[in-house]
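Residue strings, one per chain:
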2 protein chains.
Amino acid sequence: MPTLRLALCQVNPTVGDLAGNAGLVRSWSRQAADAGAQLVLFPELMLTGYPVEDLVFRRSFVAASRAALHRLAADLAADGLGDLPVMVGYLDADGPPQVSADAQPGRGARNAAAVLHRGEVVATYFKHHLPNYGVFDEDRYFVPGDTLTVVRVGGVDVALTICEDLWQAGGPFAVAREAGVGLVLSINASPYELNKDDVRLPLVRRRAAEAGAPIAYVNMVGGQDELVYDGDSMIVTADGTLLTRAPQFVEHLVVHDLELPAAGTPGGTGALTDGMRVVRHEIPAIPAAPTGPAADGGIIEPVADEAEVWHALVLGLRDYVDKNRFPSVVLGLSGGIDSAVAAAIAVDAVGPDRVVGVSMPSQHSSEHSRTDAEDLAKRTGLDYRIEPIQPMVDSFLANMSLSGVAVENLQARVRGVILMALSNQEGHLVLTTGNKSELAVGYSTLYGDSVGGYNPVKDVWKTLVWRLAKWRNADAVRRGQTPPIPENSIGKPPSAELSPGQLDSDTLPDYDVLDPILIGYVDGDLGRDGLVESGHDPAVVDKVLRMVDTAEYKRRQSAPGTKISMKAFGRDRRLPITNRWREDG
Amino acid sequence: MPTLRLALCQVNPTVGDLAGNAGLVRSWSRQAADAGAQLVLFPELMLTGYPVEDLVFRRSFVAASRAALHRLAADLAADGLGDLPVMVGYLDADGPPQVSADAQPGRGARNAAAVLHRGEVVATYFKHHLPNYGVFDEDRYFVPGDTLTVVRVGGVDVALTICEDLWQAGGPFAVAREAGVGLVLSINASPYELNKDDVRLPLVRRRAAEAGAPIAYVNMVGGQDELVYDGDSMIVTADGTLLTRAPQFVEHLVVHDLELPAAGTPGGTGALTDGMRVVRHEIPAIPAAPTGPAADGGIIEPVADEAEVWHALVLGLRDYVDKNRFPSVVLGLSGGIDSAVAAAIAVDAVGPDRVVGVSMPSQHSSEHSRTDAEDLAKRTGLDYRIEPIQPMVDSFLANMSLSGVAVENLQARVRGVILMALSNQEGHLVLTTGNKSELAVGYSTLYGDSVGGYNPVKDVWKTLVWRLAKWRNADAVRRGQTPPIPENSIGKPPSAELSPGQLDSDTLPDYDVLDPILIGYVDGDLGRDGLVESGHDPAVVDKVLRMVDTAEYKRRQSAPGTKISMKAFGRDRRLPITNRWREDG
């Protein structure tokens, strides 16, 4: 059996940065070659980043992607890496025009993969299964491919597949078996969700069994607006053995030797699954088999949920800040748990020198709101400031006749104006820190505490915010460092402090009661009856569901934030604002 | 040849209001019956409203739609309308489960139509072509139907189709010809776009020719978040003759007699276009042919573009306000053209008693900013107030060290806080009034002048804002009324008045230069080269495109507003915020 040394390049491209992304391919291919690799994989849409959304409709952009691909092939050869086959995702408009009754305006582009060798694009593949659920809109953009591409590499028949091809039965993996391939490559841009890594491995195992061949799975890493790609690249054999698995949330090069069956007589020329056909290519020569010990990529064990989420939030925020070239971030520090956790995430993401925290006390602010914020600043080393809001609040109250909730919201909005003024004056990105529970029930002030360009905890239920805080502090202790989050911020009852003695529990059920209802309603699409059958108090369910339904307009104008759940507010959950449907009739 | 009296009910349902929408069907069916109708049509998804978006994933909602349909059938019979066949759109989860490799999570619902008769659901049809472009995400929600439903009504074979079925060649209309039907019904929820009515009639003609039968086309009317359905219902014969056409933007009952061929021996049982099959039903009895003169629905001629857009904006705003049950609206009046036009739209939409206009002068405000706002208030009769912002601005300046753009934006944000305080105190919906040109280039203050729950001019280019103002004033003169918009607001050079002597032209090209570039880039997806080839100055193109690209984060948090163009900001145009692609490299 031939042995191939594979390199899985789990890298972090940036949407739209064709030159920069091509540069990543060149530098990581060099590293792979130095490690003796004979076949190198990069993620889905590596050259353009993912998702490029409506940039697909810009002909100039599609043309630039194609041009960048051919330039990359030439550059790799010029780099002395011509013999090394490199599989890379790119955006194409090529392929036979697929005319059907379902052809829709604007479609025609391809989510494509290419194998580059000796300065040429020697093979291409177009994604067959297109996801059009959750955050994905690929039926909007792409025409599905109907051809499985098989490339003979070092005497082994290797099939090319892209991401969603793996998530649906039938199609390319079944065809790969019919074509008798020895290896399937799967390149991905698979966004993180809590527990998704627990789904991925069994999924890859099922498809490896379906294909009757090992799968080399490489995933993107990095943040892109609300999405974080977590890596988790791996190689799994046909019998389900996990050979190697990369860590999550970091760029990583997996180099692993794989014994593979030599290609026989090509089969699979008759009628194949899903109406697909097979196109075969052969690469005449690859780098010589390396001498020395076999390469083993090793297996990284999964970490605890809290650690996983924390790293996702840190990476999501860091990439939003850095890819958009913000010098620093600013956020309000209330002494409460949400802003404390957001600040700790920010410090982990970009370092304390790039984080400004502002305490903005009012007449309703408790003493501990200031001392806890100050304690947080000391623990983390962020740039701490105090901007009392009472003079500005008073100037509004002196000139307008306001009462009740108008006065409460006024305080939050003055704080928003202060943060935006600091942003305009000093160039910071403003972070907003409303958790998912608050967003769900609309427990926030529009243009007040919701002001900000990014929300690190947007998709984090309040009960998970607390768990994250405890985990982060305990992790610091384990590493002999100062826990960043004041115990007092974790322990005290939540309050917006917009009126005397106000507590969240005046308006909302306890979060231990609230969050499970919200998880069922938002993440699970359960209706009233389903929630009541799950054991929740009908009166509480009715109250909560009504709050969620009537807060849609606030969410529509909310800042983006990192998705970590199976259904995040944003493109993952699309609901009308004007909507008279009420679960309680 | 039998004659059938058709009633096309161009009505205005509300998303989620199943009981209210069923009530509309009952009251309009009664009117249709009183006019002697023998077959009545209501729009696509009449019972649920359109689009219901992710409510499709709520089983409770789908079940409620099905229950409402069966209750409606019974209620119509109880109303004494049992013999009258009524075609109505609803949401279903029924039909043979369609299992394919492309089956995606969450899909399974049906965009359905039913014919109700004698208390029963006697026939159903599932939409075959699903739109997944522009504002539409139907591949996310629905499984396509593969069966054409033909119902024999009064001796005529009548085929049922839904909306997008009409916009694509092949499919139901070709199958209708193969099945030898005498009439095709087309029920729609087709959102307004400028000039779409010019596309619809030729389209209906093409499909009528394809089917070899007349088409009765009924469209929804009314506003739903960013969409406005414009009606424009019609009947067209197989040879392309327009028999009747309803007005746009108003509820309307079209009653029209149609001579149709008697059904012969059913054909079309072999292999049909697009893999569809045909299912046939027969309705045993319908109301007797009415005596007296033949009913003629008449033909409404299209109106001028400005009139069409104005009516769309008025209806879009009115329905957002009323369907969401706001008592009134409030907006800032700067004396400029955008707020003046928005105020005039608001007054036309909900009446002057429900519109509050607030002048919020600063030290940089011109004298005419106040006098022009006051003039507008007098002309329209809206509730006019003055809230000077300088005391609040000064309190921020006294407590923070701000300069330049931070001071400019501060003024806009203080105005935003004032409007939101009035909203909280008095219950108004806040209107924001940034036009599409401003939104495109980011010429606005986030959380400042962008504050608001709805934007009546969001999709209106600045040059069109001026045209609308002139049209509305001239129309008032034609009708012997006071022109609502001060001539001075139309004539003066645009300015944000946030610094001394500031004009839009300090920062932006003239709008006559800017708008055509924006239209090419935003609406047309032209790249830099395409725009330069169209004759635009390359330096201006580069500057404008960069402004558009870097303002994406502002648009992501912008208020919804009525779509009137082929590509509105919002769900129509989906671009990443984090995006390093620049057309000028």
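Look up a bit, the structure's there.
Residues numbered from 1 in each chain as written. Chains lettered and ligands numbered in written order. Predicted model: local features only at pLDDT ≥ 70, side-chain atom pairs only at ≥ 80, totals over all residues. Heavy atoms only, no water.

Section: unusual backbone geometry
Part 1: The omega angle of the peptide bond from Tyr 50 of chain A to Pro 51 of chain A is -10°, so this bond is cis rather than trans.
Part 2: The residue Pro 51 of chain A is located in the loop between strand 2 (39–41) and helix 2 (59–81) in this model.
Part 3: Although it is not a glycine, Asn 195 of chain B adopts a positive phi angle of roughly 80°.
Part 4: With respect to the element layout, Asn 195 of chain B can be found in the loop between strand 8 (183–188) and helix 5 (196–211).
Part 5: Even without glycine at this site, Arg 325 of chain B takes up a positive phi of about 60°.
Part 6: Within the secondary structure layout, Arg 325 of chain B lies in the loop between helix 6 (305–323) and strand 16 (329–332).
Part 7: You can call Arg 325 of chain B exposed: its relative accessible area is 62%. (Helix = DSSP H or I, 4+ residues; strand = E, 2+ residues; numbered from the N terminus. Buried < 20%, exposed > 50% of the residue type's maximum accessible area, 1.4 Å probe, protein only.)

Considerations on the environment of Leu 148 of chain B
Residues and elements named next belong to chain B.
Part 1: Here Leu 148 is to be found in strand 6 (residues 147–153).
Part 2: Taking the C-alpha atoms as reference, Leu 148 lies 30 Å from Pro 290; in sequence the two are 142 residues apart.
Part 3: Those residues in contact with Leu 148 that sit more than four places away from it in its chain are Tyr 125, Ala 159, Leu 160, Pro 172, Val 175, Ala 176, Met 276, Arg 277, Val 278 and Val 279. (Contact = heavy atoms within 4.5 Å.)

Brief notes about empty space enclosed by the protein
Part 1: Scanning the model with the defined rule gives 14 cavities of 30 Å³ or more in all.
Part 2: A volume near 970 Å³ is recorded for the largest cavity.
Part 3: Surrounding the largest cavity, 46 residues form its lining, Glu 226, Gly 570 and Arg 571 of chain A together with Arg 556 and Arg 571 of chain B being those nearest its centre.
Part 4: If you list the elements that add at least two residues to the lining of the largest cavity, you get helix 3 (138–141) and helix 17 (552–556) of chain A together with helix 17 (552–556) of chain B.
Part 5: A class-by-class count of the residues in the lining of the largest cavity yields 18 nonpolar, five polar and 23 charged. (1 Å grid on protein atoms, 1.4 Å probe; cavity = no way out; pocket = protein on both sides within 12 Å on 5 of 7 lines; lining within 4 Å. Points joined across faces, edges and corners; volume = space filled by probe spheres on them. Nonpolar A, V, L, I, M, F, W, Y, C, P; charged D, E, K, R; others polar.)

Remarks on the pattern of salt bridges
All names here are of chain A.
Part 1: Taken as a whole, this structure holds 88 salt bridges over all chains when the rule is applied.
Part 2: With a closest N to O distance of 2.6 Å, Lys 492 and Asp 372 form a salt bridge. Within this pair, whereas Lys 492 is found in the loop between helix 13 (487–491) and helix 14 (511–523), its partner Asp 372 is found in helix 8 (residues 367–380), the two being separated by 120 residues in sequence.
Part 3: What makes Lys 492 buried here is its relative accessible area of 13%. (Salt bridge = Lys/Arg side-chain N within 4 Å of Asp/Glu carboxyl O.)

Regarding the relation of the copies chain B and chain A
Part 1: Rotating chain B by 180° and translating it 0.0 Å along the rotation axis places it on chain A, where the RMSD comes to 0.0 Å. Expressed as an axis order, the relation between the two copies is that of a two-fold axis. Minimal C-alpha separation from the rotation axis in chain B is found for Gln 557 of chain B, amounting to 2.1 Å.
Part 2: By residue overlap, the copies meet face to face through one surface: 99% of the interface positions of chain B are interface positions in chain A. (Least-squares fit on C-alpha atoms with pLDDT ≥ 70 in both.)

Some thoughts on the sheet that holds strand 18 (residues 383–386) of chain A
All names here are of chain A.
Part 1: Sheet architecture is open: four strands sit in the order 18-17-16-19, paired in parallel fashion. Only two strands of the sheet have a single partner each, and these edge strands are strand 18 and strand 19 (429–430).
Part 2: In the packing of helix 10 (residues 405–426) onto the sheet, contacts are made with strand 16 (329–332), strand 17 (355–359), strand 18 and strand 19, and the angle to strand 16 comes to roughly 165°. (Pairing = 2+ DSSP bridges. Axes fitted to C-alpha atoms, helices over the stretch in contact; angles between N-to-C directions.)

Regarding the interface of chain B and chain A
Part 1: Counting residues at the interface gives 92 residues for chain B, matched by 91 residues for chain A.
Part 2: Roughly 7900 Å² of surface becomes buried between chain B and chain A when both sides are summed, with 52% attributable to carbon and sulfur atoms.
Part 3: Taken together, the links from chain B to chain A amount to eight salt bridges.
Part 4: When the shortest N-O distance is used, the salt bridge between Arg 574 of chain A and Asp 137 of chain B registers 3.1 Å.
Part 5: The tally of links between chain B and chain A comes to 42 residue pairs in polar contact (both at pLDDT 80 or more).
Part 6: Broken down by secondary-structure element, the contributors of at least two residues to the side of chain B that touches chain A are helix 2 (59–81), helix 3 (138–141), helix 6, helix 9 (390–399), helix 10 (405–426) and helix 17 of chain B.
Part 7: Sort the elements by how many residues they give to the side of chain B that touches chain A and helix 10 of chain B lands first, with 13 residues.
Part 8: Classifying every residue of the side of chain B that touches chain A by side-chain character gives 42 nonpolar, 25 polar and 25 charged. (Buried area = accessible area lost by both parts, 1.4 Å probe. Polar contact = N/O pair within 3.5 Å; in protein donor to acceptor, adjacent residues only side chain to side chain.)

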